[in-house]
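Listed below, chain by chain, are the residues.
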Amino acid sequence: MSEELQQVFQFVSEHPELFDSFERMYIKQYLQSVQEGRHDIFLPDVIRELFDYFHIVSEDQDIYSGFLTLLQEHFSIENANIIEVGGGILPCLGKKISLLQNHGTITIYDPRISIYETGNSRFHLIRDEFSRYTDVKNTDLMIGFMPCKGAEDLVESATQHEIDFMVALCEGGPHGDIYDYFESDDEWIDSMLYRASRGIEDHHMGTLGIHYLDKYEDPYPVIYNKRK
């Protein structure tokens with residue numbers, strides 16, 4: 001195994017509490033496939049975080065930077081107070097945003113944020129679930145990068161409080177909940193597009209923007225509000 005991949009393997013071995021048993025097995029298998037030259041451009045979530053954390057992600061796989069570029073095309077982040085929903089075990093996107101800010105802040109919600117990650121006065125780590133009832137006062141922008149079901153609460157909260165937002169959707173799909181009525185990932189995505197479009201219209205937040213990060217072979221849409 002190459003030195004770079006060995007770093008990842010060692011990190012996971014030394015911090016098994018950060019990953020469940022399936023993730024640890026999957027990471028090991030994925031690293032082996034990469035070593036053998038078998039890998040895709042579009043990286044699975046836990047692999048994406050680890051590769052970015054150790055700075056071994058290739059340019060064509062650097063989807064965090066792709067999302068960040070799109071975000072900056074539509075919103076000002078330097079002095080904004082931002083909430084990120086579902087920042088991940090290793091909050092890579094949040095760190096990238098924080099480095100670009102002047103007087104703004106970023107508050108990251110995820111119950112699985114590594115205990116070894118530390119925040120500061122402008123980089124806030126909240127190890128808890130975000131919900132549509134979470135206090136979002138003094139927030140200028142809400143974002144999420146493939147937060148799965150968290151996208152529902154993000155869009156609901158953002159539109160109810162008339163806060164600009166951008167969220168990259170993922171497979172989402174059926175959640176296994178007792179009241180879950182989605183039969184496929186596509187049905188869930190369609191419901192998210194409708195929910196976002198309706199919320200934007202009802203609260204006079206412009207129109208629904210839809211973008212695909214095709215360069216990274218990501219099949220899922222990024223949605224956001226476009227102010228007129």
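Residues numbered from 1 in each chain as written. Predicted model: local features only at pLDDT ≥ 70, side-chain atom pairs only at ≥ 80, totals over all residues. Heavy atoms only, no water.

Engineer: Any chance you could explain the pattern of salt bridges here in plain terms?
Structural biologist: Oppositely charged side chains may form a pair once their charged atoms are brought near each other. In the structure shown here, the tally under the stated rule is eight salt bridges. Linking E36 and R38 is a salt bridge whose minimum nitrogen-to-oxygen distance equals 2.4 Å. We note a salt bridge from E152 to R195, for which the minimum N-O separation is 4.0 Å. Note that E152 is positioned in helix α6 (residues 150–160) and R195 in helix α7 (residues 185–202), a separation of 43 residues in sequence. (Salt bridge = Lys/Arg side-chain N within 4 Å of Asp/Glu carboxyl O. Helix = DSSP H or I, 4+ residues; strand = E, 2+ residues; numbered from the N terminus.)

Engineer: In this structure, what is going on with helix α2 (residues 21–35)? I would like to understand it.
Structural biologist: Side chains of residues three or four places apart in an α-helix project in the same direction, reflecting 3.6 residues per turn. Between its terminal C-alpha atoms α2 stretches 22 Å, which fits the 21 Å expected from 15 residues at 1.5 Å a residue. Along α2, the positions that sit buried rather than exposed are E23, I27, Y30, L31, S33 and V34. An end-on view of α2 places all buried positions within 160° of arc, on one side of the element. Residues of α2 that are exposed and point over 90 degrees away from its buried face: S21 and K28. The inward-facing, buried residues of α2 abut α1 (3–14) and α3 (45–53). For α2, the N-terminal cap is D20; the gap from its side-chain oxygen to the backbone nitrogen of F22 is 3.1 Å. Residue G37 follows α2 closely and has a positive phi angle near 85°. (Expected span 1.5 Å × (residues − 1). Buried < 20%, exposed > 50% of the residue type's maximum accessible area, 1.4 Å probe, protein only. Arc of directions from axis to C-beta. Contact = heavy atoms within 4.5 Å. Polar contact = N/O pair within 3.5 Å; in protein donor to acceptor, adjacent residues only side chain to side chain.)

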